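Descriptive analysis of the structure
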Amino acid sequence: MSMTQPIAHDLGDIEKALADFAAVLGTDAIITDHAALREFRDPFTYRESDEWDAAAAVLPTTTEQVSEIVKIANRHRVPLWVFSQGRNNTYGGPAPRVPGSVIVNLRNMNRVLEVNEELAYAVVEPGVRWFDLYDALEAAGGRLWTSIPDLGWGSVVGNSTEYGRGYTPYGDHAENICGVEVVLPDGEIVRTGMGGMTNSQSSHVYKHAFGPNLQGLFHSSGLGIITKMGYWLQRRPEAYASCWLSFRGDEALAASVDAMREFMLDGTVTNYPVILHGVELDGDGNPSFSPEADLWLTRFALYGRSEIIDAQWAALEEVFSQIPGLTMRRRVYAGTDRTSHAGHEDRVMAGIPDMDILELFQSVYGEDTAHLDFSPVGPLRGADVVETAHLMRGLYEKTGERFFSGLMLSPRSVIHISTMFFDPHDETQTAGVYANYSAMLEVMGKRGYPVYRTHLQHMDAVAAQFDFNDNALLRLNERIKDAVDPNGILQPGKSGVWARRFREASR
Ligand SMILES: Cc1cc2nc3c(=O)[nH]c(=O)nc-3n(C[C@H](O)[C@H](O)[C@H](O)COP(=O)(O)OP(=O)(O)OC[C@H]3O[C@@H](n4cnc5c(N)ncnc54)[C@H](O)[C@@H]3O)c2cc1C
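Below: a short report on this structure. Worth saying up front: this structure is predicted, and the values here are computed from it rather than measured. (Residues numbered from 1 in each chain as written. Predicted model: local features only at pLDDT ≥ 70, side-chain atom pairs only at ≥ 80, totals over all residues. Heavy atoms only, no water.)

Structural notes on the overall build of the chain
Looking only at helices and strands, one finds 14 helices and 21 strands in the chain. The C-alpha radius of gyration of the chain comes to 23 Å, within 12% of the 23 Å expected for a compact globule of 507 residues. On the principal axes, the C-alpha backbone points of the chain span a range of 70 × 55 × 45 Å. Looking at the 507 residues of the chain, the share that counts as buried comes to 56%. (Helix = DSSP H or I, 4+ residues; strand = E, 2+ residues; numbered from the N terminus. Rg over C-alpha atoms; globule rule 2.2 N^0.38 Å. Buried < 20%, exposed > 50% of the residue type's maximum accessible area, 1.4 Å probe, protein only.)

Things to note about the sheet that holds strand β1 (residues 30-31)
With mixed pairing, the four strands of this open sheet are ordered in space as β1-β2-β4-β3. Whereas interior strands pair on both sides, the edge strands pair on one side only; in this sheet they are β1 and β3 (80-83). With two bridges connecting them, β1 and strand β2 (residues 56-58) associate as antiparallel partners. The residue of β2 that forms the bridge with isoleucine 30 is valine 58. (Pairing = 2+ DSSP bridges.)

Focus: the sheet that holds strand β5 (residues 112-116)
Judged by pairing direction, the sheet is antiparallel, and its five strands sit side by side in the order β5-β6-β10-β8-β9 without closing on themselves. Strands at the two margins of the open sheet, each flanked by one partner only, are β5 and β9 (189-191). If you compare each strand with its neighbour and ignore which way they point, the axes differ by 10 degrees on average. Note: strand β8 (residues 177-183) against β9, three bridges, orientation antiparallel. Each bridged residue has a counterpart across the sheet, and for valine 182 the counterpart in β9 is valine 190. Its contacts with the sheet place helix α3 (residues 63-76) against β8, β9 and β10 (225-232), and it is angled at close to 50 degrees to β8. Relative to β5, helix α4 (residues 130-139) is tilted by about 45 degrees, and along the sheet it contacts β5, β6 (121-124) and β10. (Axes fitted to C-alpha atoms, helices over the stretch in contact; angles between N-to-C directions. Contact = heavy atoms within 4.5 Å.)

Concerning the site of the ligand
Lining the immediate surroundings of the ligand are 32 residues, of which Ser84, Ser155, Arg165, Tyr167 and Arg453 lie closest. Contact distances for the ligand include 3.2 Å between an oxygen atom and a backbone N or O atom of asparagine 88. Glutamine 491 places a side-chain nitrogen or oxygen 3.2 Å from an oxygen atom of the ligand. When the ligand sits alone it has 960 Å² of accessible area, and the protein chains cover 95% of it. Among the residues making up the shell around the ligand, the classes are represented as 13 nonpolar, 13 polar and six charged. (Near = heavy atom within 4 Å. Polar contact = N/O pair within 3.5 Å; in protein donor to acceptor, adjacent residues only side chain to side chain. Areas by Shrake-Rupley, 256 points an atom, 1.4 Å probe, with all protein chains shown as cover. Nonpolar A, V, L, I, M, F, W, Y, C, P; charged D, E, K, R; others polar.)

So, the pattern of salt bridges
Summed over all chains, the structure comprises 28 salt bridges. Across the pair lysine 494 and glutamate 162 runs a salt bridge, and its minimum N-O distance is 2.9 Å. In this pair, lysine 494 sits in the loop between α13 (468-484) and α14 (500-505) while glutamate 162 sits in the loop between α5 (156-161) and β8, placing the two residues 332 residues apart along the sequence. Here glutamate 162 falls in the buried class, since its relative accessible area comes to 9%. Glutamate 442 is the partner of lysine 446 in a salt bridge, and the nearest nitrogen-oxygen pair spans 3.9 Å. Here lysine 446 and its partner glutamate 442 are both found in helix α11 (residues 427-447), four residues apart, which amounts to about one turn of the helix. The exposed category is assigned to lysine 446, whose relative accessible area is 70%. Shared partners join several salt bridges into a network, and the residues in it are Glu478, Asp482, Arg500 and Arg503. (Salt bridge = Lys/Arg side-chain N within 4 Å of Asp/Glu carboxyl O.)

Considering the environment of methionine 408
Tracing the backbone shows methionine 408 in strand β20 (residues 404-409). The exposure class of methionine 408 is buried, given its relative accessible area of 12%. Each C-alpha atom of the pair methionine 408 and glutamine 215 lies 24 Å from the other, and the pair is 193 residues apart in sequence.

So, the side chain of threonine 388
Summarising the element assignment, threonine 388 is placed in helix α10 (residues 382-399). The exposure class of threonine 388 is buried, given its relative accessible area of 0%.

Digging into α10
With 18 residues, α10 extends 26 Å between its outermost C-alpha atoms, agreeing within 8% with the 26 Å of an ideal straight helix rising 1.5 Å per residue. Among the residues of α10, Gly382, Asp384, Val385, Val386, Thr388, Ala389, Met392, Arg393, Leu395 and Tyr396 are the ones counted as buried. The positive-phi residue at the C-terminal boundary of α10 is glycine 400, with phi of around 80 degrees. (Expected span 1.5 Å × (residues − 1).)

Regarding α4
Of the positions making up α4, those classed as buried are Trp130, Leu133, Tyr134, Ala136 and Leu137. Seen along its axis, α4 keeps its buried residues to an arc of 165 degrees; they face one direction. In this fold, the buried residues of α4 make contact with β5, β6, β7 (144-145), α5 and β10. Backbone geometry just downstream of α4 places glycine 141 in the positive-phi region, at approximately 135 degrees. (Arc of directions from axis to C-beta.)

With respect to the packing of aromatic side chains
For the coordinates displayed, the defined rule picks out 17 aromatic pairs. Seen in terms of ring centroids, phenylalanine 263 and phenylalanine 320 are 5.8 Å apart; in terms of plane orientation they differ by 40 degrees. Their pairing is tilted. Note that phenylalanine 263 is positioned in helix α6 (residues 250-265) and phenylalanine 320 in helix α7 (residues 306-320), a separation of 57 residues in sequence. Under the relative-accessibility criterion, phenylalanine 320 is labelled buried at 0%. Grouping aromatic residues by their ring pairs yields a cluster made of Trp145, Tyr240, Tyr303 and Tyr333. In this structure, arginine 87 packs its charged tip against the face of tryptophan 153, placed 4.3 Å from the ring centre. Cation over ring: arginine 299 sits above tyrosine 167, and NZ or CZ is 4.5 Å from the ring centre. (Phe/Tyr/Trp six-rings, centres within 6.5 Å; stacked < 30°, edge-to-face > 60°. Lys NZ or Arg CZ within 6 Å of the ring centre and 35° of its normal.)

Put into structure tokens, the structure is as follows:
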């Protein structure tokens, strides 16, 4: 069964839970003040709305404390919502799916526990930000690069378990996770994969498990709280080339998509390219919004020995130069260079975090500019990409929104991310954008393009779209939820999965 709104429900005995939390954590680690809790509202919903407010926040510093918090929540049947940095903006930020939940804020568990330069991995606590991981890698000798998303303030754990994306060869962040420690909804502490052996030498170097691989159960699921995570990293390359294609029109879009797929499949391009629509770049590679309707920019990179990069560039030129009107350019940096990059676009593909992209976004409605991203996934075929872009642009034209799109490429698939900007102080506009999203979801669902990640408000609608065999997938998720979290205390409603007590209450 799927539900469309958070429901009025018995959320347990919050007062008793708070007293027990205080006994374990101390009162300084608990926030109940209404004004202070406003920090944990979603900045991208209507600013005056209290529809998604938490009742309290707790800030543990150890795995054992997390386990105690979960046990207390079970005793008093109080729902918990978890974040690592809580910067999940455009998907709900730090806010809970069920109002009145207690937030488990993991920002104070922020140690980089290990950097293994030889085997190219790190082990992080959940509060570690991309900025922190970058600093730790540089301090350890600089022979490792991490992939990063566009903003450096998010957490490695939160972003990666949500299938977040970056732009280096390690840009599919969930793929980098190897070996997690997780607190289950009953408080038990488990280590996945090879880490299940106490003295394991292989926890973070071998990805599979003995028997079923359960790591994925803790991705975007609300089935556990990750307290430690192994994370694979890229060996610093000798050289790195930031590369761009620029072109106009459908034919060039289709041809360049097909050509890029082939270069990704044959290993010439190993990073995760992006095709942007609605922006242009200055000479330093800094973006600004461009009203020009048909300009497309493809950003990708090459990494490795200089002479190999030159040979790869020559192979790319041979193919892309045949596309009429397409222009190419590249900027090459030494792998050891971490300071002289021209702009954000060159830094982000070298794993150097910043916050620059916020300025671009704030150019739309000022400092508080909000946006809702719509992100259906389809096959990486030129003709499909053109057709989908037209369909999505048409949906934007209907609503009067400007069409700003970033296609995120993998060798076989493309996430068609488009962004609806709005002023979160404008209640009508904000409601309109969330309603437009629902309409777009329906159209793309009919096309067979599921979305990969969504805002709190649309989680039920998205989960319901996986309708094969009477929503067998959702029903299986519910069976697992009920088995692992019988009291329904951990992240109820996350990804559209509700524990039994919530499902029964909504009948
Ligand atoms: C301008 C802009 C640009 C962006 N660019 C990108 C981009 O390039 N790539 C990208 O992927 N995203 C991007 N985002 C989306 C988002 O901001 C980032 O993904 C961000 O890193 C997520 O926040 P976080 O890391 O703090 O995650 P959190 O908010 O901490 O966590 C996200 C979710 O993961 C789960 N979770 C978190 N921690 C745990 C845990 N320890 N155990 C179990 N579950 C947990 C929770 O359900 C939580 O809601 C962008 C957003 C904006 C506004």
